[in-house]
Amino acid sequence: MNKGYIAAAAYAATIPAANWMIGNVGTVCIPDGPCLIPLGFGITAPSGVLMIGLALLLRDAVHEYLGARWSLYAIGVGAVLSYLLADPFIAIASVVAFGVSELSDFAVYSKIRERSRTLGILASGVVGSVIDSVLFLWLAFGSLAHVEGQIIGKIAVTCVAAGGLFAWRFYRHGKK
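Below is a summary of the structure that appears in this document. Remember, predicted model here, so these are calculated numbers, not experimental data.

### Some details on the nonpolar core
Turning to step 1, where the next piece is worked out: Counting 13 residues, the largest nonpolar core has Tyr11, Ile15, Ala55, Val62, Ala74, Ile75 and Phe98 as its most contacted members.
Turning to step 2, where the next piece is worked out: Elements with a minimum of two residues in this core: helix H1 (3-24), helix H2 (49-66), helix H3 (68-85) and helix H4 (88-112).
Turning to step 3, where the next piece is worked out: Once residues lying within four places of it in the same chain are set aside, the contact partners of Ala74 are Tyr11 and Val62.

### Observations regarding the sheet that holds strand E3 (residues 43-46)
Note on sheets: strands pair through backbone hydrogen bonds, and any given pair is parallel or antiparallel.
Turning to step 1, where the next piece is worked out: Pairing in this open sheet of three strands is antiparallel, and the strands run E1-E2-E3 from one edge to the other. If you trace the sheet from one side to the other, it starts and ends with strand E1 (28-29) and E3, each paired once.
Turning to step 2, where the next piece is worked out: Across four bridges, strand E2 (residues 35-40) lies against E3 in antiparallel orientation. Note that in E3 the partner of Pro38 across the bridge is Thr44.

### As for the packing of H1 against H2
Turning to step 1, where the next piece is worked out: One way to put it is that H1 packs onto H2 with a least axis distance of 8 Å and a crossing angle of 160 degrees. With respect to their mutual orientation, H1 and H2 come out roughly antiparallel. H1 and H2 meet at a crossing whose hand is left-handed. Contact residues: H1 offers Lys3, Gly4, Tyr5, Ala7, Ala8, Ala10, Tyr11, Thr14, Ile15, Ala17, Ala18 and Met21, while H2 offers Leu50, Met51, Ile52, Leu54, Ala55, Leu58, Arg59, Ala61, Val62, Tyr65 and Leu66.
Turning to step 2, where the next piece is worked out: Taken together, the residues that form the contact of H1 with H2 break down as 19 nonpolar, two polar and two charged.

Calculation rules
Residues numbered from 1 in each chain as written. Predicted model: local features only at pLDDT ≥ 70, side-chain atom pairs only at ≥ 80, totals over all residues. Heavy atoms only, no water. Core = buried A, V, L, I, M, F, W, Y, C linked by side-chain atoms within 4.5 Å. Buried < 20%, exposed > 50% of the residue type's maximum accessible area, 1.4 Å probe, protein only. Helix = DSSP H or I, 4+ residues; strand = E, 2+ residues; numbered from the N terminus. Contact = heavy atoms within 4.5 Å. Pairing = 2+ DSSP bridges. Axes fitted to C-alpha atoms, helices over the stretch in contact; angles between N-to-C directions. Parallel < 35°, antiparallel > 145°, perpendicular 65-115°, else oblique. Left-handed = near helix turned anticlockwise from the far one by under 90°. Nonpolar A, V, L, I, M, F, W, Y, C, P; charged D, E, K, R; others polar.

The following block contains the structure:
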């Protein structure tokens, strides 16, 4: 099976997983708020951060293996899944934050990937993480509490994945 289709399926799965996690997985669950996970140094983040960080990376993989058009289709499917599968209090926030952040991630990755795929993954992941974090928390909970944890968690997942990709390519091909 084509790696692009696997990436697209995994990407689509991260969206409902993130929405489910935010209300069900964490060391602390705030009433009418998110479930939180510790990131270290006293910083916590809503648990869905792990899946969204992965989603940003997988969307870049869809772009790489299947092209820009498939990447945009995947964003549309992800937005629809987010709306259909999210709890009512986060559905609209999830769709808006997801759509805006993914399109921003797409735009940045599209511009940078020709020079360096690894830099494209990092830069687009940072942009997408910040936009998604701010929009989602504000729209879903009317607060930017835990925004630093959201951003740090998503960027950490992106950095780990980009570092793994760089190491894999270096090991396999001896180039960046």
